[in-house]
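Close look at the chain arrangement
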Amino acid sequence: MTSLNQRRPLKGQLQTADPDVHLAHNYHPLPVVVASGEGAWVTDVTGRRYLDCLAAYSAVNFGHGHPALIAAAKEQLDRITLTSRAFHNDRLEPFAEALAQLAGKDMVLPMNTGAEAVESAVKVARAWGYRVKGVPQGQATIIVMDGNFHGRTTTIVSFSTDEQARADFGPFTPGFVVVPYGDAEALEAAIDKTTVAVLLEPIQGEAGILVPPADYLPAVREITRRRNVLMIADEIQSGLGRTGTTFACDRSGVVPDLYLLGKALGGGIVPVSAVVGNSDILGVLQPGEHGSTFGGNPLAAAVGHAVVELLATGEMQQRANELGERLHSGLNALIGHGVTAVRGAGLWAGVDIDPALATGREVCELLMDRGILVKDTHGSTIRFAPPIVVSEEDIDWAVAQLKEELELLATR
Ligand SMILES: *Cc1c(COP(=O)(O)O)cnc(C)c1O
């Protein structure tokens, strides 16, 4: 194990030139060029090391190069990687069985990206509405939340409330109703005979790691059950260990009708997403009605299966829970000292920086200079979501670096 001193990067090696001249400008990355990674740490092209406190938006929940996941991928690379769903492959059903069992459901619809899982759930919910619930053809509506983030496709941005995500991308897909997040009464009031589903994040990630009131998800579950409306939980970022439980819904004892999974399901190796539910809902899809060339490919299934096996022991969840308490108590101590609020659960924290001191982006750049990679959202919030394999010392060190930086900013 390296000492803290060795891990601390050298100062003054900031890379400034934008290395991405041939890339569309849809991102504004921090000026660091990562070349390799191991566990919670990455190394840039000059050899500087950084603690990765973003974990690719939770796609790298189990750390860079997790041995069991890399082994599963390598083994499968040598066997077969793609068959298409025109044929069976010997990896997919065992993966689906394990994932369904982890979720307490009986059916899995495999896709690739998170947005595809969301799109798939929208289609499944509509088909369920027409074929099972009896909603008049063409009238199905889905209730979504103010501040939602579900991906970037044209239908998904149609119900985004973030102007930046929507502007100039219309015309938009109809059939969505937006209600305030965390308000069960407003949700119930929006339900009518055309409502087929409620789609929500159990904790809103991109919105700033917003945790709803404790009684909210149970109320949504009760209302949706009573009104014969599907509850769809987008656990693409909140799920698979991040919050100290397998799913963030577990924290409220709530079981949705459909789980949407992605990001960490691919172990940071390949894109793997899925809709997980019971056959009375997912079973509405018939051959030819939906599909994906890469969805359910043997490489994805082998990696996804290894991810499920990691989660099946509960160790990752317990670790996220314990380390999360450490992270949150460290960050909470900064409230009033350059931090105005800390939100989150498990190893996931949204930290609001006092706007009088600096923007979120500025703090991210200063922390990068100190060897910590984090990402800002909505101006003043920075989020901490390190891989769950991060060490206690790393967490304490990261919090100490933020504390020192905020003290320096206060004297500016
Ligand atoms: C990242 C994310 C998505 C979209 O996933 P992609 O793989 O980027 O398409 C959807 N929902 C939530 C909550 C996410 O965090």
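The coordinates are above.
First, a word on scope: everything that follows refers to the structure included in this document. (Residues numbered from 1 in each chain as written. Predicted model: local features only at pLDDT ≥ 70, side-chain atom pairs only at ≥ 80, totals over all residues. Heavy atoms only, no water.)

1. Some details on the site of the ligand
Around the ligand, a shell composed of Thr-113, Gly-114, Ala-115, Phe-149, His-150, Gly-151, Glu-201, Asp-234, Ile-236, Gln-237 and Lys-263 is seen. Between an oxygen atom of the ligand and a main-chain N or O atom of Ala-115, the distance comes to 2.8 Å. With respect to the ligand, the backbone of Phe-149 contributes an N or O atom lying 3.5 Å from a nitrogen atom. Relative to its unbound accessible area of 380 Å², the ligand is 81% covered by the protein chains. Residue classes in the shell around the ligand are distributed as three nonpolar, five polar and three charged. (Near = heavy atom within 4 Å. Polar contact = N/O pair within 3.5 Å; in protein donor to acceptor, adjacent residues only side chain to side chain. Areas by Shrake-Rupley, 256 points an atom, 1.4 Å probe, with all protein chains shown as cover. Nonpolar A, V, L, I, M, F, W, Y, C, P; charged D, E, K, R; others polar.)

2. Some thoughts on the packing of helix α4 (residues 92-103) against helix α11 (residues 298-312)
It is the contact of α4 with α11, at a shortest axis distance of 9 Å, that shows an interaxial angle of 30°. Between α4 and α11, the interaxial angle falls into the category roughly parallel. The element α4 and its partner α11 pack so that their crossing is left-handed. Taking contact as the criterion, the partners of Leu-92, Pro-94, Phe-95, Ala-98, Leu-99 and Leu-102 in α4 are, on α11, Ala-301, Gly-304, His-305, Val-308, Leu-311 and Ala-312. Residues that form the contact of α4 with α11 fall into these classes: 10 nonpolar, two polar and no charged. (Axes fitted to C-alpha atoms, helices over the stretch in contact; angles between N-to-C directions. Helix = DSSP H or I, 4+ residues; strand = E, 2+ residues; numbered from the N terminus. Parallel < 35°, antiparallel > 145°, perpendicular 65-115°, else oblique. Left-handed = near helix turned anticlockwise from the far one by under 90°. Contact = heavy atoms within 4.5 Å.)

3. Quick word on the pairing of strand β3 (residues 49-52)
Direction of pairing for strand β2 (residues 41-44) relative to β3: antiparallel, over a ladder of three bridges. By the bridge assignment, Thr-43 is partnered in β3 with Arg-49. (Pairing = 2+ DSSP bridges.)

4. Some remarks on the sheet that holds β3
In space, the four strands of this open sheet follow the order β1-β2-β3-β13, with mixed pairing throughout. Looking at the sheet topology across the chains shown, the edges are occupied by β1 (34-38) and β13 (372-373). When β3 meets β13, the two strands line up parallel, connected through two bridges. Looking across to β13, one finds that Asp-52 is bridged to Leu-373.

5. Topic: the sheet that holds strand β12 (residues 349-353)
The antiparallel open sheet is built from four strands, whose spatial order is β11-β12-β15-β14. Two strands lie at the open edges of the sheet, namely β11 (339-344) and β14 (375-377), each paired on one side alone. Shown here is a sheet whose adjacent strand axes are inclined to one another by a mean of 30°, direction ignored. When β12 meets strand β15 (residues 381-384), the two strands line up antiparallel, connected through four bridges. Bridging across to β15, Ala-349 finds its partner in Phe-384. On top of the sheet, helix α12 (residues 315-332) reaches β11, β12 and β15; it is set at about 165° to β11, its chief contact.

6. Notes on helix α3 (residues 67-77)
Burial in α3 covers these residues: Leu-69, Ala-72, Ala-73 and Gln-76. Considered in projection along α3, the buried side chains sweep an arc of 95° and stay on one side of the axis. Exposed residues lying more than 90 degrees from the buried face of α3 are Pro-67 and Lys-74. Buried positions along α3 lie against α11. (Buried < 20%, exposed > 50% of the residue type's maximum accessible area, 1.4 Å probe, protein only. Arc of directions from axis to C-beta.)

7. Observations concerning the nonpolar core
One finds Leu-99, Leu-265, Leu-331, Ile-382, Phe-384 and Leu-402 to be the most contacted residues of the largest nonpolar core, which totals 71 residues. With nine residues, the top contributor of residues to this core is α11. Of the domains in this structure, domain 1 (4-65 + 316-410) and domain 2 (67-313) are the two that each give at least three residues to this core. With sequence-adjacent residues up to four places away left out, Ile-382 is seen in contact with Ala-349, Gly-350, Val-351, Ile-353, Gly-360, Val-363, Cys-364, Leu-367, Lys-375, Asp-376 and Leu-402. Ranked by size, the runner-up nonpolar core spans 29 residues in total, among them Val-122, Ala-125, Val-196 and Leu-199. (Core = buried A, V, L, I, M, F, W, Y, C linked by side-chain atoms within 4.5 Å. Domains from an automatic or database assignment.)

8. What about the layout of surface pockets?
Each pocket or cavity is described by its volume, and for the second largest pocket that value is around 750 Å³. Arg-85, Leu-92, Val-108, Leu-109 and Pro-110 are the residues nearest the centre of the second largest pocket, which is lined by 25 residues in total. Listed by contribution, the elements that provide at least two residues to the lining of the second largest pocket are α4 and β4 (107-111). Classifying every residue of the lining of the second largest pocket gives 12 nonpolar, nine polar and four charged. (1 Å grid on protein atoms, 1.4 Å probe; cavity = no way out; pocket = protein on both sides within 12 Å on 5 of 7 lines; lining within 4 Å. Points joined across faces, edges and corners; volume = space filled by probe spheres on them.)

9. Points about the packing of α3 against α11
For the pair α3 and α11, the least separation of the axes is 9 Å and the interaxial angle reads 155°. When the interaxial angle is binned, α3 and α11 end up roughly antiparallel. In this structure, α3 crosses over α11, and the sense of that crossing is right-handed. Listed contacts from α11 to Ala-68, Leu-69, Ala-72, Ala-73, Gln-76 and Leu-77 of α3 are Pro-298, Leu-299, Ala-302, Val-303, Ala-306, Val-307 and Leu-310. When its residues are assigned to classes, the contact of α3 with α11 shows 12 nonpolar, one polar and no charged.

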